[in-house]
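# Breakdown of the fold
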Amino acid sequence: MTFEQTLSRLEQIAASLDRDDLPLEEALKLFEEGITRLREASAALADADGKVRTLIEQSDGVFEAKE
Amino acid sequence: MSHAGATSAEALSVHALTSAAKDVLEGAFPRLWVRGEVSGYKKYPSGHWYFTLKDAEAQIPSVVWKGSTARIREKLEDGLQVRAYGQLTVWPASGKMQFVVTAIEADGEGLWQKRFDETKARLEKDGLLDPARKRALPRFPRTVAVITSSEAAALRDVIAVIGRRNPGVHVVVIPAAVQGEAAPESLLGALDRLARWVGGDAEWRGVAIPAPEVLIIGRGGGSREDLWAFNHEGVARAIAACPVPTISAVGHETDVTIADLVADLRAATPSVAAEHAVPVLAEVRELVTQLAGMMADGLQDRIQVARRDLDRRADALSRRAQLVVERRRVRVDRVAARLAPQGLRSVERRRARMETLGAMLEARSPLAVFARGFAVARGADGATLAQRAAFIPGTPFDLLLRDGRVRATTDSVHTDAPHLRTDA
């Protein structure tokens, strides 16, 4: 799951939990999944080590990313 | 009235004539703007530009002296409609009129515009400019691809802005020439590399990096000529076909290129493109925190609702239960009242019967039997010897009495005995 998908899922879960007509059982299940996704998102955010690379295609068509 | 060259004797030199004509013409026409189409355009090795300005009925030889060419940003080309500013004069060497141009603007329907409009119309016909085609940008990309010149300030701006907003985002530069003859092909090559990468077709040496989720393609500002590669139809089509959403960033606000029209988002400058591409890290953190809060609140509310619901049901249940109990109690009381006298009698009877049984048990107690003088015979194995056959002559047995035991031996066995006599 990409960070983008993780956050979208989190938003979905938060919106679903906001509804009163959701069966309690399901609400608990969603909450549990939400906690997992939150952990994933936080871990991704903690990794603030972006790099700038240059994509180079060698003459043999092989890609290389140079920092 | 006499004038120069009026008589044969006063004939002028050719040079004097053309010089005079030059003076007259220049005096009669101040510097002015002329509208026309460029024709027979040629740059001379001397650095001067020659062409003819014409319309349907007439033409005038024109020149841009070397010293003026640097100020002219339009790329001259045959067929280009222009407004030229200059001085009408006579070129003595040829004896012809000449328009000496110092400034040129492309006219509204210039060749550039014509080409631009034609390309745009073709793309439009293929539906590539349909606003419905525009894709939403990813909100939280982890990798951003940038296609631009690796030397340009534009790239430094993009990298600086992304680094400032979100140092966790990876930037991958796919270098390309962004101006000059080779630019369209170079841009197409870069777009192709990106497509193969995102499509998973690329073979990697070293570590493969996660594919980009958004593309910034562009360059800093420049003349119309400098930006022309971004009006290239092939480049525009490749941008439209890009597997990830695209942000175009060409020039500085005023010039819209074809690339801008097909991109999913048009940014005025590369810096603005970078701002659109990447959210500020602190804001993403804030959003995650908010979502966590929303989830917790949502669940708590949901539990609250469930609890209230449960309480309501429990109340209803207990009211019903009380009612049922109440009704039963009434019935039980009624039955009890009717049964009470019989019930009492029955208990009395039982008690009397119990007492009788107790007395009978008492009477049958073995101790009471011994007290009355009876004895019990017991064999060596402890079994009670209750019949004649159990006594074998010569065999010892025990007689249990009220106050002890007698060891005895069977002497003889008889069938007659006093307690069996019925006549007594």
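What counts as what
Residues numbered from 1 in each chain as written. Chains lettered and ligands numbered in written order. Predicted model: local features only at pLDDT ≥ 70, side-chain atom pairs only at ≥ 80, totals over all residues. Heavy atoms only, no water. Helix = DSSP H or I, 4+ residues; strand = E, 2+ residues; numbered from the N terminus. Buried < 20%, exposed > 50% of the residue type's maximum accessible area, 1.4 Å probe, protein only. Contact = heavy atoms within 4.5 Å. Areas by Shrake-Rupley, 256 points an atom, 1.4 Å probe, with all protein chains shown as cover. Buried area = accessible area lost by both parts, 1.4 Å probe. Salt bridge = Lys/Arg side-chain N within 4 Å of Asp/Glu carboxyl O. Polar contact = N/O pair within 3.5 Å; in protein donor to acceptor, adjacent residues only side chain to side chain. Nonpolar A, V, L, I, M, F, W, Y, C, P; charged D, E, K, R; others polar. 1 Å grid on protein atoms, 1.4 Å probe; cavity = no way out; pocket = protein on both sides within 12 Å on 5 of 7 lines; lining within 4 Å. Points joined across faces, edges and corners; volume = space filled by probe spheres on them. Pairing = 2+ DSSP bridges. Core = buried A, V, L, I, M, F, W, Y, C linked by side-chain atoms within 4.5 Å. Expected span 1.5 Å × (residues − 1). Axes fitted to C-alpha atoms, helices over the stretch in contact; angles between N-to-C directions.

## Some remarks on the overall build of chain A
Of regular secondary structure, chain A possesses two helices and two strands. Put simply, chain A runs from its N terminus to its C terminus through helices and strands in the order α-α-β-β. Going through the 67 residues of chain A one by one, you find that 36% of them count as buried. Once local pairs closer than 6 in sequence are excluded, the contacts in chain A between residues at least 24 apart make up 33%. For chain A, the accessible surface area stands at approximately 3,800 Å², while carbon and sulfur atoms represent 47% of it.

## Some details on the interface of chain B and chain A
How big an interface is tends to be reported as the loss of accessible area on association of its parts. The partner chain A presents 44 residues to the 40 residues of chain B that form the contact. A buried area of about 3,800 Å², summed over both sides, lies between chain B and chain A, and 65% of it is on carbon and sulfur atoms. At the junction of chain B with chain A, the criterion picks out three salt bridges. Here Arg-193 of chain B ties to Glu-57 of chain A by a salt bridge, and the two come within 2.6 Å at their closest N and O atoms. Summed over the shared surface of chain B and chain A, the result is ten residue pairs in polar contact (both at pLDDT 80 or more). Broken down by secondary-structure element, the contributors of at least two residues to the side of chain B that touches chain A are β7 (170–175), α5 (183–198), β8 (203–204) and α9 (281–363) of chain B. In terms of residue class, the side of chain B that touches chain A is made up of 28 nonpolar, three polar and nine charged.

## Structural notes on empty space enclosed by the protein
Residue and element names in this part refer to chain B. Across all of its chains, the model carries two cavities of 30 Å³ or more by this definition. Here the largest cavity defines a volume of roughly 60 Å³. Class assignment of the residues belonging to the lining of the largest cavity gives a composition of eight nonpolar, one polar and one charged. Taken as a whole, the second largest cavity encloses approximately 40 Å³ of empty space. Taken together, Val-146, Ile-147, Thr-148, Ala-154, Leu-155, Val-158, Ile-216, Gly-218, Arg-219, Ala-249 and Pro-270 make up the lining of the second largest cavity. Within the residue set of the lining of the second largest cavity, elements represented by two or more residues are β6 (143–148), α4 (153–165) and β9 (214–219). The residue makeup of the lining of the second largest cavity, split by class, is eight nonpolar, two polar and one charged.

## Some thoughts on the sheet that holds strand β2 (residues 62–66) of chain A
An order of β8(B)-β2(A)-β1(A)-β7(B)-β6(B)-β9(B)-β10(B)-β11(B) is seen for the eight strands of this open sheet, with the pairing classed as mixed. Lying at the two open borders of the sheet, with one neighbouring strand each, are β8 and β11 (265–267) of chain B.

## What to know about the pairing of strand β1 (residues 52–57) of chain A
In terms of strand pairing, β1 of chain A meets β7 of chain B through three bridges, oriented parallel. Its bridge partner lying in β7 of chain B, Val-52 of chain A is registered against Val-171 of chain B. As judged from the four bridges shared by β1 of chain A and β2 of chain A, these two strands associate in the antiparallel manner. When the sheet's bridge partners are listed, Leu-55 of chain A is paired in β2 of chain A with Ala-65 of chain A. The loop that links β1 of chain A with its antiparallel partner β2 of chain A comprises four residues; one of these, Gly-61 of chain A, has a positive phi angle of about 85 degrees.

## A short note on the nonpolar core
Ile-104, Ile-147, Leu-187 and Leu-215 of chain B are the most contacted members of the largest nonpolar core, which totals 57 residues. If one sorts the elements of this core by residue count, α5 of chain B sits on top with six residues. With residues near it in sequence (within four places) discarded, Leu-215 of chain B still touches Ala-145, Val-146, Ile-147, Leu-191, Leu-194, Cys-242, Val-244, Pro-245, Thr-246 and Ile-247 of chain B. In terms of nonpolar packing, the next biggest core, distinct from the first, is built from 21 residues, Ala-44 of chain A together with Leu-281, Leu-287 and Leu-299 of chain B among them.

## A short note on the environment of Asp-78 of chain B
Residue and element names in this part refer to chain B. Here Asp-78 lies in the loop between α2 (66–69) and β4 (81–91). Owing to a relative accessible area of 44%, Asp-78 belongs among the partly exposed residues under this scheme. Note: C-alpha distance between Asp-78 and Val-38 (40 residues apart in sequence) is 5.1 Å. Within polar-contact distance, the side chain of Asp-78 engages the backbone nitrogen of Tyr-41 at 2.9 Å.

## Things to note about helix α1 (residues 3–17) of chain A
With 15 residues, α1 of chain A extends 21 Å from end C-alpha to end C-alpha; this agrees with the ideal 21 Å at 1.5 Å per step. Buried residues of α1 of chain A: Phe-3, Glu-4, Thr-6, Leu-7, Leu-10, Ile-13, Ala-14, Ser-16 and Leu-17 of chain A, and no others.

## Some points on the sheet that holds strand β5 (residues 96–106) of chain B
All names here are of chain B. If you walk around this closed barrel you meet the five strands as β1-β2-β3-β5-β4, and the pairing is mixed. With direction set aside, neighbouring strand axes in the sheet form an average angle of 50 degrees. As judged from the ten bridges shared by β4 and β5, these two strands associate in the antiparallel manner. The residue bridging Gly-86 from the neighbouring strand is Val-101, located in β5. In the packing of helix α1 (residues 14–28) onto the sheet, contacts are made with β4 and β5, and the angle to β4 comes to roughly 135 degrees.

## Overview of the layout of surface pockets
Residues and elements named next belong to chain B. The volume enclosed by the largest pocket comes to roughly 490 Å³. Taken together, the residues that form the lining of the largest pocket break down as nine nonpolar, seven polar and one charged. Approximately 290 Å³ is the volume found for the second largest pocket. Surrounding the second largest pocket, 13 residues form its lining, Lys-75, Gly-180, Glu-181, Glu-225 and Trp-228 being those nearest its centre.

## Describing the side chain of Thr-257 of chain B
Residue and element names in this part refer to chain B. Following the sequence through the fold, Thr-257 ends up in the loop between β10 (246–250) and α7 (258–262). Take Thr-257: its relative accessible area is 1%, and that puts it in the buried class. Contacts of Thr-257, omitting those with residues within four sequence positions, involve Phe-116, Leu-227, Phe-230, Asn-231 and Val-250.

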